[in-house]
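Fold and contact review
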Amino acid sequence: MKKISLLLLTCCVAVGAFAQNHKTKNVIIVTLDGFRWQELYRGADSALINSPYTQDKDEVHKKYWTADVHQRRKLLMPFIWSVIGVQGQLYGNRDLGNKDEVANQYHFSYPGYNEIFTGFPDVRMNTNDPIINPNMNVLEFLNKQKGFENKVAVFSSWERFPQILNVNRSGLLVNSGYMDFTAPDANDHLKYLNRLQHEAPYYLGDSTRIDFLTYEFAHEYLMQYKPRVLYIAFDETDDMAHAGMYKFYLDRANQEDGFIKQLWDYVQSDPQYKDNTTLIITCDHGRGDVPMDKWRDHGSDVLHSEQTWFAVIGPDTQPKGEINTPTVTYHKQLAQTIAELLGFDFKAAAGHGVGDPIKTVYTK
Ligand SMILES: [Zn+2]
């Protein structure tokens, strides 16, 4: 009898290694392409407001400037600072000595998104061209788990995600660029968005969708189909920075903060999602900061563009606000962190290297 009990106990411990009893049943991930930690943690930059990169200086000043840094960043990202800053965790404020970075050496989008979702900063992922990603990603892995089948969805502004997430192999629902949403049972709002997106101005070119449309598709999808895992990839912060338009860079970040608030308000008002959904917000790379003009750029030759951030809120995340420990987290750790929040071991199944989870996200 003792032997049997011991055997049972051993089995339970082995199985229990990943049945961690987290409260998280759903995960929503949102990325703001190339949005800097500098603006997230310090708010609008006075040197950039006073530079030729800002037209409408009075308006920007009025909307986003105040001398106190805590007030200033809250003007820019009110949801992040009034809700996540109090109830969640924020990583990567270098002014407090906490660092968050991409581990890949390239510091641009495809390598950045590859790193987040595969956990593997593969040196072969060194282009933004439509190459097919051979590596398994955590969304694909989750979509195969019991209770998650066809409950994982991706909506992105940038058109490159079908390749990054290898839809031909993964079978994930990835709605990217100006793709219509064609499910036969789609509600009237989704059908209307299919029409609207082709009528709105294509100011990011013919392929990359404007963020508000991506948001509307994702929000409607969330309400109708109730996915367990939803990823929304915004793009415009990066586009506005490359264009050297600081006002629009700030405006887009501010608008996206508002979208994230709407998502969270919905999540916390819906019985399926309330108090069992973790929201993770991050970016794919940083940007330069010295000299100041480098705010427009990023890449392996742009100093400090590996510097990033992420924010998290959910039922398993202690309300520590800004993390001020002298630690470094890497985006290659996010995939396993997401898997573990949901009670799964992506690392064991990936078939390639995967960064260790960031345990402070879910430890009591
Ligand atoms: Zn860029």
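These remarks concern the structure in this document. All figures in this text were calculated on a predicted structure; none of them were measured in a lab. Residue indices follow the written sequence of each chain, beginning from 1 at its first position. Totals for whole chains, interfaces and linings use all residues, but because this is a predicted model, local features are given only for residues with pLDDT of at least 70 and pairs of side-chain atoms are given and counted only at 80 or more. Note that water and hydrogens are dropped before the side-chain values are worked out from all heavy atoms of the structure.

Right, let's talk about the packing of aromatic side chains for a bit. Side-chain rings of Phe, Tyr and Trp, where Trp is taken by its six-membered ring, are said to pair if the distance between their centres is within 6.5 Å; with planes under 30 degrees apart they count as stacked, over 60 as edge-to-face, and otherwise as tilted. Inspection of every chain in the model, using the stated rule, returns 26 aromatic pairs. When the centroid spacing of 5.6 Å and the interplanar angle of 40° are considered together, the rings of Phe 35 and Tyr 249 count as tilted. Remark: Tyr 249 occurs in helix 14 (residues 246-267) and Phe 35 occurs in the loop between strand 1 (26-32) and helix 2 (37-42); sequence separation between them is 214 residues. There is no split in this pair, since Phe 35 and Tyr 249 are both buried. Centroid distance Tyr 246 to Tyr 249: 5.8 Å. Interplanar angle 25°. Geometry classified as stacked. Here Tyr 249 and Tyr 246 lie together in helix 14, a separation of 3 residues that amounts to about one turn. With respect to burial, Tyr 246 and Tyr 249 carry one shared label: buried. Ring pairing ties together the aromatic residues Phe 35, Tyr 53, Tyr 246, Tyr 249, Trp 295 and Trp 309, which thus form one cluster. Lysine NZ or arginine CZ positioned within 6 Å of the ring centre and within 35 degrees of the ring normal marks a charge as sitting over the ring. Taking NZ or CZ as reference, Arg 228 lies 4.0 Å from the ring centre of Phe 148, over its face. Going along the chain from the N terminus, every DSSP run of H or I of four or more residues is numbered as a helix, and every run of E of two or more is numbered as a strand. Exposed residues in this analysis have more than 50% of their type's maximum accessible area, buried residues have under 20%, and partly exposed residues fall in between, with area computed by a 1.4 Å probe over protein chains only.

On to empty space enclosed by the protein. Using a grid of 1 Å spacing that covers the protein atoms alone, one calls a set of points a cavity when a 1.4 Å probe fits there but cannot get out, and a pocket when the set is open and has protein on both sides within 12 Å along at least five of seven lines; lining residues are those with an atom within 4 Å of a point. Grid points are joined across faces, edges and corners, and a volume is the space filled by probe spheres set on the points. Tallied over the entire structure, the rule returns 1 cavity of 30 Å³ or more. Lining the largest cavity, in full, are Tyr 53, Gln 55, Asp 56, Met 245, Tyr 246, Lys 247 and Phe 248. Residue composition of the lining of the largest cavity, by class: 4 nonpolar, 1 polar and 2 charged. Amino acids are sorted into nonpolar (Ala, Val, Leu, Ile, Met, Phe, Trp, Tyr, Cys and Pro), charged (Asp, Glu, Lys and Arg) and polar (every other residue, Gly among them).

As a further point, take the coordination of the zinc ion. Looking at the metal site, the zinc ion is ligated by Asp 238 (OD), Asp 238 (OD), His 242 (NE2) and His 298 (NE2), spaced 2.1 to 2.6 Å from it. Only N, O and S atoms count as donors, using a 2.8 Å limit from the metal and a wider 3.2 Å limit for Na, K and Ca, and since water is excluded some coordination spheres may look unfilled. When four donors show all angles between 85 and 135 degrees the site is tetrahedral, when four or six donors have opposite pairs over 155 degrees and all other angles between 65 and 115 it is square planar or octahedral respectively, and in every other case it is irregular. Angles of 54 to 144° at the metal separate the 4 donor atoms of the zinc ion, which places the site in the irregular class.

So, on to the sheet that holds strand 3 (residues 99-101). Think of a sheet as strands paired side by side through backbone hydrogen bonds, with each pair either parallel or antiparallel. In space, the 3 strands of this open sheet follow the order 8-3-11, with mixed pairing throughout. Every interior strand has two partners, whereas the edge strands, strand 8 (307-308) and strand 11 (328-330), have only one. At least two bridges found by DSSP between two strands are what make those strands a pair.

Next up on the list: unusual backbone geometry. The amide bond that connects Val 290 to the next residue, Pro 291, takes the cis arrangement and shows omega of -10°. Locating Pro 291 in the fold gives a position in the loop between strand 7 (277-282) and strand 8. A positive phi is found at Asp 56, a non-glycine position, where the angle reads about 50°. Along the chain, the position of Asp 56 falls in the loop between helix 3 (46-49) and helix 4 (57-64).

Turning to the pattern of salt bridges, a few remarks are in order. Just to be clear on terms, a salt bridge is a Lys or Arg side-chain nitrogen sitting within 4 Å of an Asp or Glu carboxyl oxygen. With the rule as written, the count across this model stands at 18 salt bridges. For the salt bridge of Glu 101 with Arg 94, the shortest nitrogen-to-oxygen distance reads 2.8 Å. Across this residue pair, the class does not change: Glu 101 and Arg 94 are buried. Measuring nitrogen to oxygen at the nearest pair gives 2.6 Å for the salt bridge that ties Asp 265 to Lys 261. Here the residue Asp 265 and the residue Lys 261 both occupy positions in helix 14, the gap between them amounting to 4 residues, near one helical turn. Classification of Asp 265 as partly exposed rests on a relative accessible area of 39%. Residues joined in a network through salt bridges with shared partners are Glu 59, Lys 63, Lys 247 and Asp 251.

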